[in-house]
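One letter stands for each residue in the lines below.
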Amino acid sequence: MYLSKTEAAVLPTTLVGTPRPSPGPTGRRRIWPLLGPAFVAAVAYVDPGNFATNFSGGASFGYTLLWVIVAANLMAMLIQSLTAKLGLATGRDLATLCREKLPRPVTWGLWVQAEAVAIATDLAEIVGGAVALYLLFGVPLPIGGLITAVVAFVLLGAQSRGHRPFERVITGLLLVIGAGFAYTLVGAGVDVGGLAGGMVPSFEGPESLVLATGILGATVMPHVIYVHSALTPGRYGDVVTAGRTHEGRRRLLRAQRLDVLLAMGMAGLVNAAMLVIAAQLFTGSADEVTSLEGVHAGLGQQLGTGAALAFAVALLASGFASSSVGTHAGQVVMAGFLKRHIPVLARRLITLAPALAVLVLGGDPTTALVWSQVVLSFGIPFALVPLLWLTSRRDLMGGWVNRRVTTVVGSVVAALIIALNAHLLIGFVL
């Protein structure tokens, strides 16, 4: 987390010396400037892996898996709200609290799986950016991967000027993604009957279950469960002072929840638009759009060059933005679990290696994207279970502790995710 001198002046005592009184956000005019952390997290919910899984799902099964996107987005709202509240209430991120509250072997195990998740995340983002550069400019995939990594590194430099410039850049790229799919959706149209049918939970065989797991992994991103908790401390004035009263906590939570609702709502609409577009245009011809290149070509044939260009630009914005957020998440994870730092360039080179291997060896980028999202889905419980445990502890959260119904709903969500993953794993073994 990078803070300016002005921002550091209002951090709680646990973070920076003596606090200065601040009433916290009061009124609409003081809430809107506090928005931003959830929009950084939301970019990870529309990364290139989402493109691959959502278009594959729509082309193969029409509207059938739309309910998975809606359910996953509702889960994302709950999870990101909890992780933001954890950082807000404690002044520390999830990884740091795990290191402080859990046995060392458990902490090391959580760190190892978090790093595996970071590598899978970076694979999706680098490959997606490389494919976009190829579609737009004909850049060879390995070179496109390097360009994406360099641009993500440059975007991270905005953090040196404080949180606001970085958040503005990422939010701007998120708006580019949303605008691209809004334009394409207008041309594709919507089948209202199919839309209603897609809201009824169902599957169409084992392959649909694999894609459902991939959609879930691409939507509920485990690495941003860690990073979002690191973005909220210090963002809402003196939490120690403002959060002592019920009214103060209510005001602070209102700002945080509005941030999550707007950001995750936008990400959910983008994901749904991807599947709807694929269902409208490519159902029955899934073999022709088995790759992102095929989707790009198909959009050009059916809707014209404008739609194909909008898709490629949105994919490029997604690759650039999500890759920078993923690298930042890797820094948060290592600093939190191990209390160590490595240079950003070194981390970028380590996580870049698998993605470049896929691109150089000629692997199918879309297949790599889909399977990276399945790996991410398996990482969700390792972040979600500690999050629920910590936010339900009154000795840690005080007046910010979860209501019992929140903990129950979160536990049901975690159980559903674990059951889906177990079912998928058993199916592969058998």
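Residues numbered from 1 in each chain as written. Predicted model: local features only at pLDDT ≥ 70, side-chain atom pairs only at ≥ 80, totals over all residues. Heavy atoms only, no water.

**Q** If you had to explain the overall build of the chain to someone new, which residues and values would you point to?
**A** The helix and strand inventory of the chain stands at 20 helices and zero strands. The buried share among the 430 residues of the chain stands at 59%. Considering only intrachain contacts with a sequence separation of at least 6, the fraction spanning at least 24 residues in the chain is 85%. Surface exposure of the chain reaches about 17,100 Å², of which carbon and sulfur atoms provide 67%. (Helix = DSSP H or I, 4+ residues; strand = E, 2+ residues; numbered from the N terminus. Buried < 20%, exposed > 50% of the residue type's maximum accessible area, 1.4 Å probe, protein only. Contact = heavy atoms within 4.5 Å. Areas by Shrake-Rupley, 256 points an atom, 1.4 Å probe, with all protein chains shown as cover.)

**Q** If you had to explain a nonpolar patch on the surface to someone new, which residues and values would you point to?
**A** Taken together, Phe153, Leu345 and Leu349 make up a surface patch of nonpolar side chains, about 290 Å² in accessible area. Within the element layout of this structure, phenylalanine 153 appears in helix α8 (residues 141-156). (Patch = residues over 30% accessible without salt bridge, like charges linked within 9 Å, V, L, I, M, F, W, Y side chains within 5 Å. Salt bridge = Lys/Arg side-chain N within 4 Å of Asp/Glu carboxyl O.)

**Q** For the pattern of salt bridges, give the residues involved together with the corresponding values.
**A** Enumeration according to the criterion identifies two salt bridges in this entry. Where arginine 92 meets glutamate 100, a salt bridge forms, and the shortest distance between an N and an O atom there is 2.4 Å. The residue aspartate 395 makes a salt bridge to arginine 393 at a minimum N-O spacing of 2.7 Å. The exposed category is assigned to aspartate 395, whose relative accessible area is 60%.

**Q** Hey, could you go over the packing of aromatic side chains for me, with residue numbers and the actual values?
**A** Counted under the stated rule, the structure contains eight aromatic pairs. With 5.5 Å between their ring centres and 70 degrees between their planes, tryptophan 67 and phenylalanine 203 make a pair best called edge-to-face. With a gap of 136 residues between them, tryptophan 67 in helix α5 (residues 66-90) and phenylalanine 203 in the loop between α10 (192-197) and α11 (206-219) connect regions that are remote in the sequence. By relative accessible area, which is 39% here, phenylalanine 203 ends up partly exposed. Among the aromatic residues, ring-to-ring pairing joins Phe51, Phe55, Phe181 and Phe311 into one connected group. (Phe/Tyr/Trp six-rings, centres within 6.5 Å; stacked < 30°, edge-to-face > 60°.)

**Q** Outline unusual backbone geometry, supporting the account with residue identities and numerical values.
**A** Even without being glycine, lysine 339 reaches a positive phi, approximately 60 degrees. Mapping lysine 339 onto the fold places it in the loop between α16 (305-338) and α17 (344-360).

**Q** Help me get a handle on the packing of helix α12 (residues 222-231) against α16, residues and values and all.
**A** Packed helix pairs are characterised by how far apart their axes lie and by the angle those axes make with each other. Where α12 meets α16, the axes come as close as 9 Å, and the angle between the chain directions of the two elements is 75 degrees. Relative to α16, the element α12 is oriented roughly perpendicular. Between α12 and α16, the contacting residues are His223, Val224, Tyr226, Val227, Ala230 and Leu231 on the first element and Val325, Gly326, His328, Ala329, Val332, Val333 and Phe337 on the second. The residue inventory of the contact of α12 with α16, partitioned by class, reads 10 nonpolar, three polar and no charged. (Axes fitted to C-alpha atoms, helices over the stretch in contact; angles between N-to-C directions. Parallel < 35°, antiparallel > 145°, perpendicular 65-115°, else oblique. Nonpolar A, V, L, I, M, F, W, Y, C, P; charged D, E, K, R; others polar.)

Nothing here speaks to function; it is geometry throughout.
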